[in-house]
Amino acid sequence: MNAVTNIANDTTATPEGQVFPEEARTAFAAAYPEQPLVMPHRLRDHPLLGLDALAELAGRLPESSIEYNRGDLPIGIDGKPGATGLSITDTIHRIAETNSWAAVKNIEQDERYRALLHELLEELRPAIEAKTGAMLHPQGFVFISSPDAVTPYHFDPEHNILLQIAGSKVMTQFPAGDGRYAPDWMHESYHLGGPRELTWSDELATGGSEYAIGPGEALFVPVMAPHFVKNGPASSISLSITWRSDWSYDEAGARCFNAILRKAGMQPAPPKRWPGSNRMKCVGFRAYRKLFGPPAPPLAPK
């Protein structure tokens, strides 16, 4: 990685209480919203992000906010992976030995974690809103992973920064919006309620870029950039801070409208990447949904 995509070794002094150094925020402003970026942060010793605190949080959140399963997975899977048979609190407390992967979703449901999420995003708000407008629906997710665990190939609809708190991992990212790595019908299926897991083929590997992060480093992930993650040799804790924008919602709406056009026998052009606008297709989908209801997810082409 070059200086454009990795400034994680920056030693610029950071004002007390500020998580992202000034140079990191400057680099983020230049990279956002399309260029992956590794940058430093000062959150690695935060008391809310230790194993005991996270196990307690997971134990009091609703079941719908918890996901945990086996960690010894291939890069590509068909559907959701299997469970381990342990409780979420046991999984987190024993993460070093359980060969598991756990996600605590929507941590902003808890007042203390909501405050932490908003403090982090507030540091980046000027850079975000200068390009993609208002920061919408901020959410936080914590990932606790056993040594060598794999998060299979998938994509996400949010703008996302992954902050590594403990352990290390390597994320392999692929170009967002490139149909070689996530065909249009997969995007359309996901936005209409299908799974986010993508079909993997070893031939795709050469198109990926690896981004390694350790404690005190963060990685920005563009909207819908396909990726998979391999954990390092120690247990890992990561915090994902996400938000949506009018642009990201327009991209999703355009994908849904394209699904309607494709079902009618047409071959629509894929949505434009930023700074292109997808507003008209999104408006078209909203009008269709109001009149006819949401269409079903498209099936895989034969």
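In what follows, the structure referred to is the one given above.
Because the structure is a prediction, the values reported are computed rather than measured. (Residues numbered from 1 in each chain as written. Predicted model: local features only at pLDDT ≥ 70, side-chain atom pairs only at ≥ 80, totals over all residues. Heavy atoms only, no water.)

## A few points about the nonpolar core
Next, step 1: Ranked by internal contacts, the top residues of the largest apolar core, which has 45 residues, are Phe28, Val104 and Ile161.
Next, step 2: When residues of this core are assigned to their parent elements, the largest contribution, eight residues, is made by helix H4 (residues 111-132).
Next, step 3: Contacts of isoleucine 161, omitting those with residues within four sequence positions, involve Phe28, Met39, Leu124, Ala218, Leu219, Phe220, Leu239, Ser240, Ile241 and Trp243.
Next, step 4: Counting residues in hydrophobic clusters, the runner-up holds 15 residues, among them Tyr181, Ala182, Met186 and Met224. (Core = buried A, V, L, I, M, F, W, Y, C linked by side-chain atoms within 4.5 Å. Buried < 20%, exposed > 50% of the residue type's maximum accessible area, 1.4 Å probe, protein only. Helix = DSSP H or I, 4+ residues; strand = E, 2+ residues; numbered from the N terminus. Contact = heavy atoms within 4.5 Å.)

## Topic: the sheet that holds strand E7 (residues 169-173)
Next, step 1: Read from one edge of the open sheet, four strands run E5-E10-E7-E8, paired in antiparallel fashion. Strands at the two margins of the open sheet, each flanked by one partner only, are strand E5 (150-154) and strand E8 (209-213). Taking the axes of each pair of neighbouring strands and ignoring which way they run, one obtains an average angle of 15° across the sheet.
Next, step 2: As defined by bridge partners, E7 adjoins strand E10 (residues 227-231) across five bridges and the pair is classed as antiparallel. The partner of valine 170 across the bridge, within E10, is lysine 230. (Pairing = 2+ DSSP bridges. Axes fitted to C-alpha atoms, helices over the stretch in contact; angles between N-to-C directions.)

## What to know about the packing of aromatic side chains
Next, step 1: By the definition in use, this model includes 14 aromatic pairs.
Next, step 2: Seen in terms of ring centroids, phenylalanine 28 and tryptophan 243 are 6.5 Å apart; in terms of plane orientation they differ by 70°. Their pairing is edge-to-face. Taken together, the positions of phenylalanine 28 in helix H1 (residues 22-31) and tryptophan 243 in strand E11 (residues 236-244) put the pair 215 residues apart, joining distant regions of the chain.
Next, step 3: Site record: aromatic cluster; members linked through ring pairs are Tyr153, Phe174, Tyr181, Trp200 and Phe228.
Next, step 4: A cation over an aromatic ring shows up here: arginine 244 above the ring of tyrosine 249, its NZ or CZ 4.0 Å from the ring centre. (Phe/Tyr/Trp six-rings, centres within 6.5 Å; stacked < 30°, edge-to-face > 60°. Lys NZ or Arg CZ within 6 Å of the ring centre and 35° of its normal.)

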